Amino acid sequence: MALPPTVVAAVERHLATVREDWRGHPFDVGDLAARHQLLPLVPEMFGLVALRRDGTVVELAWDSEEVRPVLAPKMRDVALLLGARRYHELSVLLPERPVDARVCGECRGVDVAPSVTCECGGLGWIPETWG
Ligand SMILES: [Zn+2]
């Protein structure tokens, strides 16, 4: 997924200050992100899910330098959804809701908030690409 120019510009802008922006995070997110040039989306217990400037969503464990692409469409979309709370420019990368979207059976699409606990991840609907 190549990023639109406006998003690339935003990612570059945020990357320039990512070390300072995440300073004080218990897992040293800023340092890791700056070293690998990744925009943090979701700092988790196991590691970091982040966006590379080429548009790839990647993950790396706290104790490893190995950056691996996130292949599961659901994990990728939910990571972008969570990341867009902090970096609003990323919201254009989220799947577009079709008119006949399958509404989430768990939250029924009501009062949705980005969350990894709901089946829809907080979208309120289930994209076809999630399978
Ligand atoms: Zn839901």
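Everything quoted here is computed from the prediction, not taken from an experiment.

**A short note on the overall build of the protein chain**
Inference 1: What the protein chain contains, in helices and strands, is four helices and six strands.
Inference 2: Along the protein chain, helices and strands appear, N-terminal first, in the series α-α-α-β-β-β-β-α-β-β.
Inference 3: Relative to the globule expectation of 14 Å for 131 residues, the C-alpha radius of gyration of the protein chain, 15 Å, shows essentially globular dimensions.
Inference 4: By principal-axis analysis of the C-alpha atoms, the protein chain measures approximately 40 × 30 × 25 Å.
Inference 5: Of all 131 residues assigned to the protein chain, the portion counted as buried reaches 42%.
Inference 6: Of all intrachain contacts in the protein chain linking residues separated by at least 6 positions in sequence, the fraction that spans at least 24 positions is 42%.
Inference 7: Carbon and sulfur atoms provide 54% of the accessible area of the protein chain, an area that totals close to 7,300 Å².
Inference 8: Where the 14 positive side-chain charges of the protein chain centre and where its 19 negative ones centre are 1 Å apart.

Reading the values: the criteria
Throughout, a residue's number is its position along its own chain's written sequence, starting from 1. Side-chain atom pairs in this predicted model are given and counted only at pLDDT of 80 or more, local residue features only at pLDDT of at least 70, and totals for whole chains, interfaces and linings cover all residues. With hydrogens and water set aside, each side-chain value is computed from the structure's full complement of heavy atoms. The secondary structure listing takes helices from DSSP runs of H or I that are at least 4 residues long and strands from runs of E that are at least 2 residues long, numbered from the N terminus. Radius of gyration: over C-alpha atoms. The globule rule applied is 2.2 Å multiplied by the number of residues raised to the 0.38 power. The classification of residues rests on relative accessible area computed with a 1.4 Å probe and restricted to protein chains. Under 20% of the type maximum is buried, over 50% is exposed, and intermediate values are partly exposed. By definition in these notes, contact holds between two residues if any of their heavy atoms fall within 4.5 Å. Residue-level accessible areas treat just the shown protein chains as cover; the underlying method is Shrake-Rupley with a 1.4 Å probe. Charged-residue counts in this description rest on Lys and Arg as positive and Asp and Glu as negative, His and the chain ends being excluded. Throughout, a charge is located at the NZ atom of Lys, the CZ atom of Arg, the CG atom of Asp or the CD atom of Glu.

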